[in-house]
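Coordinates in review
Read off the chains here:
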Amino acid sequence: MTMISQNKSTKRRFASSYFVSLMSIMLVLFVLGMYAFMVVYTDKLLDYVRENIGFEVVIKKDAKESAIKALREDIASKDYVKTAEYISKEQAAKKLEEDLGEDFLKWLGDVENPLLPSIDVRFVSDYANSDSMAMAEKWILKKSIVKEVLYQKSLTNTINMNINKIKTALFLISLVLLVIASTLISHTVRLSIYSKRFIVRSMQLVGATNAFIMKPFLKTFLIQGLLASFMALVLISMTLLSMGDYFPDLSLIQGNAYVVVIYLLVILLSLLLTLFSTIFAMRKYLDADLDEFYV
């Protein structure tokens, strides 16, 4: 009766150890996965900010509309230009009216619309910097119908400097989180193996090879890592879907190739971390003296 009670107690301890290990790995993977989505979404926001950096090409008053449209097409054909929108005098007046909340032209009486036509240019994210914009400005100003090019150079430099700082900070945080995750998973696996160290010793005493001893542990923890990754992905998916209800613009889980990549990386990272953690933890006990099993 005592033997049966001891066996049940041992099974409960093993089950408890397995559950704690599984939950620990799952939570670490959940944090890493959510952080990966945050990085992707932040990167999309930064690209959006950059692609809204551009300038306004102001056209001379007497320029023909056909010449303006030809210039717009020329600008739009450049690899570094995302959009080039022609804004006529009438469109400019309507936009100003919307901004002011009243028709400013009626205050001018019989005076002709003083606003000039323009081309609103926005750059591709990688080219939204002062150097590229200065080069584009130089050749655009050579066009005879162009009066001036307007943009805030200091603001462009400030935005790009801040974006670079944000990306550097995100990279450093990624490294710190990866180290923390590796350490936590490693300790989790070590504690689980520690509870079975006497089984390892018993197998050594009957002449089992290191490879034979390690095989079931590797299988157990790889399955555990795989299961933990699936549980983490389910939790990540539920979290993102819940966030989507409150933030409709957060469409990270819908029609995004990054979703598949991040999900696969979570699974791969889980398998790799549990694999190497198991190997290193097992080596400690496979090469240990008898006294070390009681420490």
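One can find the structure itself at the top, above this paragraph.
Okay, so let's go over this structure. Since the model is a prediction, treat every value here as computed from it, not as a measurement. (Residues numbered from 1 in each chain as written. Predicted model: local features only at pLDDT ≥ 70, side-chain atom pairs only at ≥ 80, totals over all residues. Heavy atoms only, no water.)

Inspection of the secondary structure assignment puts Ser270 in helix H9 (residues 257-286). The class of Ser270 is buried, set by a relative accessible area of 1%. The residues contacting Ser270, other than those within four sequence positions of it, are Ile25, Leu29, Gly225, Leu226 and Ser229. (Helix = DSSP H or I, 4+ residues; strand = E, 2+ residues; numbered from the N terminus. Buried < 20%, exposed > 50% of the residue type's maximum accessible area, 1.4 Å probe, protein only. Contact = heavy atoms within 4.5 Å.)

This part takes up the nonpolar core. One finds Phe37, Ile193, Ile213, Phe217, Ile236 and Met282 to be the most contacted residues of the largest nonpolar core, which totals 35 residues. Contributing elements (two or more residues each) for this core: helix H1 (2-50), helix H6 (153-194), helix H7 (197-205), helix H8 (210-246) and H9. If sequence neighbours within four positions are ignored, Ile213 has contacts with Val200, Met203, Gln204, Ala208, Met282 and Leu286. By size, the runner-up hydrophobic cluster in this structure holds 26 residues, among which are Phe55, Val57, Met133 and Ala136. (Core = buried A, V, L, I, M, F, W, Y, C linked by side-chain atoms within 4.5 Å.)

Within the open sheet, the 4 strands sit side by side as E2-E3-E1-E4. Their pairing is antiparallel. Two strands bound the open sheet, and with one partner strand each, they are strand E2 (81-87) and strand E4 (146-150). The average undirected angle you get between the axes of adjacent strands in this sheet is 20°. Note that E2 and strand E3 (residues 118-123) share 6 bridges and pair antiparallel. Counterpart to Tyr86 in the pairing with E3 is Ile119. Seen against the sheet, helix H2 (residues 65-76) touches strand E1 (54-59), E2, E3 and E4 and runs at an angle of roughly 170° to E2. (Pairing = 2+ DSSP bridges. Axes fitted to C-alpha atoms, helices over the stretch in contact; angles between N-to-C directions.)

A few words on the pattern of salt bridges. Between side chains of opposite charge, a pair can form as their charged atoms come close. Applying the stated criterion to the full structure yields 4 salt bridges. A salt bridge links Glu65 to Lys69, with the nearest nitrogen and oxygen atoms 3.3 Å apart. A residue pair is termed a helical-turn pair when its members lie 3 or 4 positions apart in one helix, as Glu65 and Lys69 do in helix H2 at 4 residues. One salt bridge connects Asp74 with Lys143, and the closest N-O pair in it is separated by 3.7 Å. One end of the pair, Asp74, is in helix H2; the other, Lys143, is in the loop between helix H5 (130-140) and E4, and 69 residues separate them in sequence. For Lys143, a relative accessible area of 31% corresponds to the partly exposed category. Overlapping salt bridges, with partners in common, bring together Asp74, Lys78 and Lys143 in one network. (Salt bridge = Lys/Arg side-chain N within 4 Å of Asp/Glu carboxyl O.)

Turning next to a nonpolar patch on the surface. Together, Val261, Leu265, Leu268, Leu272, Phe276 and Phe280 line one region of the surface with nonpolar side chains, adding up to about 580 Å² of accessible area. Examined against the element boundaries, Phe276 turns out to sit in helix H9. On the basis of relative accessible area, Phe276 is assigned to the partly exposed category, the value being 44%. (Patch = residues over 30% accessible without salt bridge, like charges linked within 9 Å, V, L, I, M, F, W, Y side chains within 5 Å. Areas by Shrake-Rupley, 256 points an atom, 1.4 Å probe, with all protein chains shown as cover.)

Our focus in this paragraph is the packing of aromatic side chains. Under the criterion given, the structure shown has 4 aromatic pairs. Aromatic side chains Phe55 and Phe123 sit 5.3 Å apart centroid to centroid with 75° between the ring planes, which places their arrangement in the edge-to-face category. Separated by 68 residues along the polypeptide, Phe55 in strand E1 and Phe123 in strand E3 bring together distant segments of the chain. Classification of Phe123 as buried rests on a relative accessible area of 0%. Aromatic side chains Tyr80 and Phe123 sit 5.9 Å apart centroid to centroid with 15° between the ring planes, which places their arrangement in the stacked category. With Tyr80 in the loop between H2 and E2 and Phe123 in strand E3, this residue pair connects regions lying 43 residues apart in the sequence. The ring of Trp139 carries the charged tip of Lys78 above its face, separated from the ring centre by 4.8 Å. (Phe/Tyr/Trp six-rings, centres within 6.5 Å; stacked < 30°, edge-to-face > 60°. Lys NZ or Arg CZ within 6 Å of the ring centre and 35° of its normal.)

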